[in-house]
Amino acid sequence: MSTPTRKHTALPKAQILIEALPWLVRHNGKTVVIKFGGNAMVDEDLKAAFAQDVVFLHHAGLKPVVVHGGGPQISAALDRHGIVSEFKAGLRVTTEDAMDVVRMVLAGQVQRELVGLLNRHGPLAVGLTGEDAHTISATKHQPRIDGESVDIGRVGEITAIDTGAIEALLADGRIPVVSSIARSQDDSDAGHVYNVNADTAAAALAAALGAETLMVLTDVEGLYEDWPRSDEVISRLTASELERLLPDLSSGMVPKMEGCLHAVRNGVTTARVIDGRVPHSILLEIFTDEGIGTMVVPDEPKGDAV
C-alpha cells in the first residue's frame, strides 16, 4: 500500500497541541491567578478572547481565579456623577462619595460583564468582592509624599486574606471573579469598605492560595530593559534582580512589579507581566515554548557553605 503524500491541512494544529502537552501536564490541577486590566478591559474583541482563554484554562485542568479593577470605567462614572478624578502617589483619591461609585462600577458593572462573558461558555463564573466572606480585609492606606503622610480617602492597604470562599468555588468547578474592594479590618469601622489596588489584590490572593502562577495583563509588552532608550523586553528575572530595578521603574509599572515580587517571595512559582493587547496572550504565555512578556521567578536557594 502506498503512503499518502497529500498534505494534511490540519497538521499544524496537531503540532500546536503537542507543543502544549508538557505545559498541560505541568499545570494540571494548579491554581493560576489572573489580574484582568488595561486595554483588554475596554476592547470588545480582547474581552471576548480573554474570556475564551480563561475558560480554556478551566477545561484544560487548571483552576483560574480572575481579579479585576476598573480604572477607565470608574473615571467615566465619576465624571457622570460630577466627581473629579484625582490621583496622589499613583493612587486614586477615594472620597466617601467616590467610594460609592467605585463599589457600584466594580461589583455592578465590570464584574457583571466579565462574569457574563465567561458564562457564555457554561455555568462557570461566580462574582464576588473582597467584602464577601471576608475575602480581603484592609486598613486605611496613607502614602507618604515628600516625607509627609497624605490622606487619600478610602484607599486600603491589605491586612488579611481569607481564601475559604474562593477555594470552595474552585472545588465546585467554578471560576471566581473577584472585584478589588476590601472590607475594613477595624470593627469600629464596620460597614465601611476600601478601594484596593487590583495588582496588589491579585498578588496577595495568589500568595494566599499557593498559586502556581500570577499573571498580570498590561498595556505594554513586558518589563523593558532600558526604557525609553530601548524597547528590549526582559523575558526572565529573579526576585532579587527585580528588587534592584524597582526604584527606577515608571509609576504605572511599580504596583504590578511589586505584586510579582510579593507573589514569588510568598510561595508562588512564577509571576508574569504580559501584554493584554495581544489576543489570547494568556494561552501564548502558558502553553507555548516561546511565551511572551516578563516572567519573575524566586531566587535560587543558596547552597550550604563548604
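Residues numbered from 1 in each chain as written. Predicted model: local features only at pLDDT ≥ 70, side-chain atom pairs only at ≥ 80, totals over all residues. Heavy atoms only, no water.

**Q** Explain the packing of aromatic side chains residue by residue, including any values.
**A** According to the stated counting rule, one finds 1 aromatic pair in the structure shown. Both rings, one in Phe 36 and one in Phe 50, keep their centres 4.1 Å apart while their planes meet at 25 degrees; by these two values the pair is stacked. Of the two residues, Phe 36 sits in strand 1 (residues 31–36) while Phe 50 sits in helix 2 (residues 44–59), which places them 14 residues apart along the sequence. Its relative accessible area of 3% is what places Phe 50 among the buried residues. Lying over the aromatic face of Tyr 194, Arg 154 brings its terminal NZ or CZ to 4.4 Å of the ring centre. (Phe/Tyr/Trp six-rings, centres within 6.5 Å; stacked < 30°, edge-to-face > 60°. Helix = DSSP H or I, 4+ residues; strand = E, 2+ residues; numbered from the N terminus. Buried < 20%, exposed > 50% of the residue type's maximum accessible area, 1.4 Å probe, protein only. Lys NZ or Arg CZ within 6 Å of the ring centre and 35° of its normal.)

**Q** How would you summarise the sheet that holds strand 12 (residues 193–195) if you had to cite specific residues and measurements?
**A** Pairing is mixed across the open sheet formed by 4 strands, whose spatial order is 9-6-11-12. The open sheet has two free edges, formed respectively by strand 9 (156–161) and strand 12, since each of these has just one partner strand. Looking at each pair of strands side by side, their axes are set apart by 50 degrees on average, direction ignored. The pairing of strand 6 (residues 136–140) with strand 11 (residues 181–184) spans 2 bridges and is classified as parallel. Its bridge partner being in strand 11, Ala 138 is matched across the sheet by Ser 184. Across the sheet, helix 4 (residues 96–118) lies against strand 11 and strand 12, angled at about 80 degrees from strand 12, the strand it touches most. (Pairing = 2+ DSSP bridges. Axes fitted to C-alpha atoms, helices over the stretch in contact; angles between N-to-C directions. Contact = heavy atoms within 4.5 Å.)

**Q** Go over the nonpolar core with me, naming the residues and quoting the values.
**A** In this structure, Ile 34, Phe 50, Leu 57, Leu 118, Ile 282 and Phe 287 are the most contacted members of the largest nonpolar core, which totals 44 residues. Elements with a minimum of two residues in this core: helix 1 (11–27), strand 1, helix 2, helix 3 (71–80), helix 4, strand 10 (175–179), strand 13 (213–218) and helix 9 (281–287). When residues of this core are assigned to their parent elements, the largest contribution, 11 residues, is made by helix 4. If sequence neighbours within four positions are ignored, Leu 118 has contacts with Ala 51, Val 54, Val 55, Ala 125, Ile 175 and Val 177. (Core = buried A, V, L, I, M, F, W, Y, C linked by side-chain atoms within 4.5 Å.)

**Q** Any details on helix 5 (residues 164–171)? Residues and values, ideally.
**A** Within helix 5 the residues assigned to the buried category are Ile 166, Leu 169 and Leu 170. In a view along the axis of helix 5, the buried residues occupy a sector of 100 degrees, so they form one face of it. Next to the buried residues of helix 5 lie strand 1, strand 2 (63–68), strand 5 (125–129), strand 10 and helix 6 (198–209). Where helix 5 ends, the next residue or the one after it, Gly 173, has phi of about 75 degrees, a positive value. (Arc of directions from axis to C-beta.)

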